[in-house]
Structure formats: structure tokens, C-alpha cells
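Architecture and fold: a report
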Amino acid sequence: CEADAVILACGGSSYPKLGGGEGGLRLAQSLGLSIVEPTPCLVPLVSNDPWVRKLQGVRVEAALSAHVDGRQIAASRGELLFTAYGVSGPAALDLSREVCLALGRPVECSLNLFPEFRHAELEKFFLARLRALAPLSPTALLRGAMPEEVAEVYLAGQAKEIPLHESPTEDAVLHLARGLSAWKFSVCGSRPWEEAMVTAGGVRLDEVSPETMEARSLKGLHVTGELLDVDGDSGGYNLHFAWATGFLAGTSCVGKKC
């Protein structure tokens, strides 16, 4: 069977139960194209920190950043879901690519439960609550500011600095504000391909024409979607890229201009 043009639109490695896998990438590689090794992307993250798992099922709006050797490698903001294995939700998914690429080195995440406040504003907020409501326990101080389960787990880990049975001092409240805007936990892995929404990696972009999606080294061969080394945040960007590159490849194959 011969053809003037062929479009590879095999998808990535995510969701193998729906047909995802590395077959398309290996086919592209067999045709002479270079491949950036695939990595799970938009995938939940695994943490062995006990406090994370204690909050299984709890959702918070937060800012999340990932760090390696003290250097920030990614940051996001949105809903975070605590799970039995670690964290999920848009805030975790949107920085999973950089985290997955960094695995093998110690990865630390910093959770900010009050991303709408600057640091000085958060301190002012908690001091105002203390002065207006004192005497009160740390648990009562946090009531209404975050889910009760989150407050209990956080304070249990801070019992030495902030005794739960006492009304906190102003210094203790400032310590509390700092901690809640930079609550640390480690990441040791990601969930498997079955739970990854997108594949990072694929055919190198410099080997494909962006106007037609045609391989520069093999006339008539077009590559689209997740087979390419392109991935985006959650929110439909990856679907849009797949449709757009498919359109470019298709119109090129029938001699039309976009």
C-alpha cells in the first residue's frame, strides 16, 4: 500500500486502557525521527509525609511550589486535593511535569494556604484576629480561615512552638502565619501512566515543520498531537494543540492553506 502522505496521530503514553502507549513514538523513531523520552504529565504526585496522607479527601485553594536543592523549579495555584498517596487536583497537576523530570533528586514542595495575602498582610490578618478574639486557643484562631481538619493536622505538628492548650502570643501567631504560607512536604514519585492525563516528551520539535507538521527529514510524513514534544497545563490546552496540529497536517496533505 502506497500513499503520498501519512499522518501519525497515535497519541501519547497516558491512559493505556484507552489505547495510549509508546507504539506511535517507536514508529516515529523507526522512521528516523528523534524522540525525547516520554514522562508522565498532569499526573498526581506521591508523598510519604504522614501529615499529607492524614488529610485524605480534603480540598483546599492554595499556591504550590516545587524546589530542588533550594531552587524553585515550578509553581502553580488552584485547588489541591489531599489523597491516600499524596496530592492531586489542578495545583498539583500543573507542576507535575517539572517534578517528574526532577525525580531522582530530593524534591520539596511548599504549600501556601493563603496565596491571596502577601506575607506582611497575612501577619497583620492573624494579629488582628488575636487582638479581637483573645483569649482563645490556636484552633479557635484558625476556625473559619481553613478547613478544620487542616488546622488540626498543622497544629499537631507545631505543638512545641504553639501549645494547643494556651492562648498564643503574638510571636506564636507570627510563627503560625509563616508556617501556613510555607508548609513543606516531600515528593518521592508520581502516579503511573494510567493516571497521567498527558505525555511530556515525544518527537523533537526542530524535526517537524510548524506550518505543516511535516517531518523535515521525510517528505510526506506528518506528526501531530501528543506524539510531539509539547505539553501544556490543564484546562484544554493539550486538546486544542492536538486539534490544531491535526488540522495543519490534514490541510497540508490535501494541498490546502490554513
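Everything below is about the structure printed above this text.
A short tour of the structure in this document, coming up.

Calculation criteria
- Residues numbered from 1 in each chain as written.
- Predicted model: local features only at pLDDT ≥ 70, side-chain atom pairs only at ≥ 80, totals over all residues.
- Heavy atoms only, no water.
- Helix = DSSP H or I, 4+ residues; strand = E, 2+ residues; numbered from the N terminus.
- Buried < 20%, exposed > 50% of the residue type's maximum accessible area, 1.4 Å probe, protein only.
- Contact = heavy atoms within 4.5 Å.
- Pairing = 2+ DSSP bridges.
- Axes fitted to C-alpha atoms, helices over the stretch in contact; angles between N-to-C directions.
- Parallel < 35°, antiparallel > 145°, perpendicular 65-115°, else oblique.
- Left-handed = near helix turned anticlockwise from the far one by under 90°.
- Nonpolar A, V, L, I, M, F, W, Y, C, P; charged D, E, K, R; others polar.

The next subject is the overall build of the chain. Looking only at helices and strands, the chain features 9 helices and 11 strands. Principal-axis analysis of the C-alpha atoms gives the chain an extent of 80 × 35 × 30 Å. Every one of the 258 residues in the chain was classed for burial, and the buried ones make up 46%. Residue pairs in contact within the chain that sit at least 24 positions apart in sequence constitute 73% of those at least 6 positions apart.

Let us now look at the sheet that holds strand β7 (residues 107-112). Strands in a sheet are paired, the pairing made by backbone hydrogen bonds, and the direction either parallel or antiparallel. On the basis of which strands lie adjacent, the open sheet formed by 7 strands has the order β8-β7-β4-β5-β6-β3-β9 and antiparallel pairing. Two strands bound the open sheet, and with one partner strand each, they are β8 (183-187) and β9 (189-190). Note that strand β4 (residues 59-68) and β7 share 6 bridges and pair antiparallel. Of the residues in β7, the one forming a bridge with serine 65 is serine 110.

At a minimum axis distance of 9 Å, the contact between helix α5 (residues 119-133) and helix α8 (residues 170-180) shows a crossing angle of 135°. The pairing of α5 with α8 is recorded here as oblique in orientation. Our pair here, α5 against α8, has a crossing hand that is right-handed. Of α8, the residues touching α5 (which contributes His119, Leu122, Glu123, Phe126, Leu127, Leu130 and Arg131) are Glu170, Val173, Leu174, Ala177, Arg178 and Leu180. Here the residues of the contact of α5 with α8 are counted per class, giving 8 nonpolar, 1 polar and 4 charged.

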